[in-house]
Amino acid sequence: MVGESFLSSEQLSEKDIEQIFSRATLFKREFESKQRFDHVVKGEALHQKVIALVFSEPSTRTRLSFQVAASRLGIKTVALDNPSSASITKGETLEDTFRNIAAMLPDLMVVRYNTNFEADAVIRELPCPIINGGIGTAEHPTQALLDAFTILENRKQIKGEKVLIVGDIAHSRVANSNLMLLRRLGAEVAYCSPPQFEPKGDNWKGVRNFGDLNAGMEWATVVMGLRVQKERHQSEGIGFSMAEYREKFRLGGDQLKHFRSDGILLHPGPVIRGIEFSAFVLNDKRCKVIDQVTNGVFVRASLISLVLGLEVLKS
Ligand code: CP
């Protein structure tokens with residue numbers, strides 16, 4: 001992985017994933033006992049390394065957890081995270097923005113943007129490695145990594161797990177990255193969504209579709225809720241109201257009665273309370289949404305260290 005861009009879950013072999021998780025586990029263990037993990041990373045002058053975060057769509061978890069992960073490693077970050085204060089407002093394209101930031105010679109760039117095929121081509125030609133921090137409706141592979149890490153931590157295995165993805169699959173980059181990664185690791189994936197939110201990509205052909213949420217909850221060992229992505233819906237709307245959506249697809253106390261006691265509930269965030277999960281569900285002990293965020297720091301630190309070719313003292 002040294003020096004390589006990480007754009008898709010599809011790129012990762014089982015061995016790569018094992019290496020990322022092994023290092024993330026080491027970082028988490030060290031942090032829990034010593035509140036730091038930089039001491040297990042070999043490398044001179046890490047403070048001389050710079051990661052550029054270029055986010056043209058909003059983000060709380062991904063951007064901040066890359067920044068926290070880099071800071072814990074002793075690596076500096078610079079961020080362009082508010083397009084309204086960038087020269088994009090003067091007419092510069094996103095592709096040229098990427099070219100110009102890459103010309104400042106950062107060691108690594110993390111990018112997030114809405115669907116943009118020109119930008120997809122340009123990020124493949126830049127002189128520094130690129131990490132996909134969420135691209136349009138295509139992929140969000142670091143989210144899938146931290147989701148799988150959280151499943152492994154709680155369920156002790158991924159192979160054989162039954163993962164039900166619920167909600168707006170059609171507009172979800174998280175669902176696409178998870179489908180590829182979880183299947184690679186031997187999990188079975190199914191979904192439950194209104195017809196308007198059913199996935200369309202070839203990868204989803206043959207994936208089991210539960211029309212009834214309670215039936216899906218009974219089948220699953222892991223349930224992953226997704227945000228209803230209003231910003232990606234056509235201006236004519238989605239053909240049903242949020243009240244209708246909640247009625248059939250929101251996880252609340254009644255649906256939890258159909259879920260196994262040792263299962264776990266995930267959501268990449270942001271959670272829109274009352275639409276995808278009720279407050280009751282968010283407080284349930286099976287709900288690992290906040291643990292996912294914590295794990296995101298260790299998984300992203302692991303990935304950064306591997307892409308930058310840093311060695312660790314023990315693993
Ligand atoms: N999960 C996720 O991508 O959250 P943010 O949009 O806040 O980064």
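Residues numbered from 1 in each chain as written. Predicted model: local features only at pLDDT ≥ 70, side-chain atom pairs only at ≥ 80, totals over all residues. Heavy atoms only, no water.

Within strand S2 (residues 50-55), 5 of the 6 residues are buried, which leaves it mostly tucked inside the rest of the structure. In this structure, S2 lies alongside strand S3 (residues 76-80), joined through 5 bridges in parallel fashion. Bridge pairing in S3 links valine 50 to lysine 76. Each parallel crossover has a hand, and for S2 linked through helix H2 (residues 61-73) to S3 it is right-handed. Bridge count between S2 and strand S4 (residues 108-113): 5 bridges; the pairing is parallel. Looking across to S4, one finds that leucine 53 is bridged to valine 110. (Buried < 20%, exposed > 50% of the residue type's maximum accessible area, 1.4 Å probe, protein only. Helix = DSSP H or I, 4+ residues; strand = E, 2+ residues; numbered from the N terminus. Pairing = 2+ DSSP bridges. Right-handed = clockwise from strand over helix to strand, strands pointing away.)

Its place among the elements puts glycine 239 in the loop between strand S9 (222-225) and helix H8 (242-249). For glycine 239, a relative accessible area of 70% translates into the label exposed. Linking glycine 239 and glutamine 196, residues 43 residues apart in sequence, is a C-alpha distance of 7.7 Å.

This part covers the packing of aromatic side chains. The full count for this structure, using the stated rule, is 12 aromatic pairs. Ring centres of phenylalanine 31 and phenylalanine 298 lie 5.9 Å apart, and the angle between their planes is 55°; on these two criteria the pair is classed as tilted. Taken as a pair, phenylalanine 31 in helix H1 (residues 14-34) and phenylalanine 298 in helix H11 (residues 289-307) lie far apart in primary sequence, 267 residues in all. Both rings, one in phenylalanine 197 and one in phenylalanine 240, keep their centres 5.3 Å apart while their planes meet at 70°; by these two values the pair is edge-to-face. Pair noted here: phenylalanine 197 is in the loop between strand S7 (188-192) and strand S8 (208-209) and phenylalanine 240 is in the loop between S9 and H8, with a separation of 43 residues, a long-range link. Given a relative accessible area of 0%, phenylalanine 197 falls into the buried group. Judged by its relative accessible area of 17%, phenylalanine 240 is buried. Ring pairing ties together the aromatic residues Phe27, Phe31, Phe37 and Phe298, which thus form one cluster. (Phe/Tyr/Trp six-rings, centres within 6.5 Å; stacked < 30°, edge-to-face > 60°.)

Close to the ligand lie Ser59, Thr60, Arg61, Thr62, Arg112, His140, Gln143, Pro268 and Gly269. Threonine 62 places a polar side-chain atom, nitrogen or oxygen, 2.7 Å from an oxygen atom of the ligand. At a separation of 3.3 Å, a nitrogen atom of the ligand approaches a polar backbone atom of glycine 269. Relative to its unbound accessible surface of 250 Å², the ligand loses 92% to contact with the protein. The class makeup of the residues in the shell around the ligand is 1 nonpolar, 6 polar and 2 charged. If you count residues domain by domain, the shell around the ligand takes at least three from each of domain 1 (9-139 + 295-312) and domain 2 (141-293). (Near = heavy atom within 4 Å. Polar contact = N/O pair within 3.5 Å; in protein donor to acceptor, adjacent residues only side chain to side chain. Areas by Shrake-Rupley, 256 points an atom, 1.4 Å probe, with all protein chains shown as cover. Nonpolar A, V, L, I, M, F, W, Y, C, P; charged D, E, K, R; others polar. Domains from an automatic or database assignment.)

Purely geometric stuff here, so don't read any function into it on its own.
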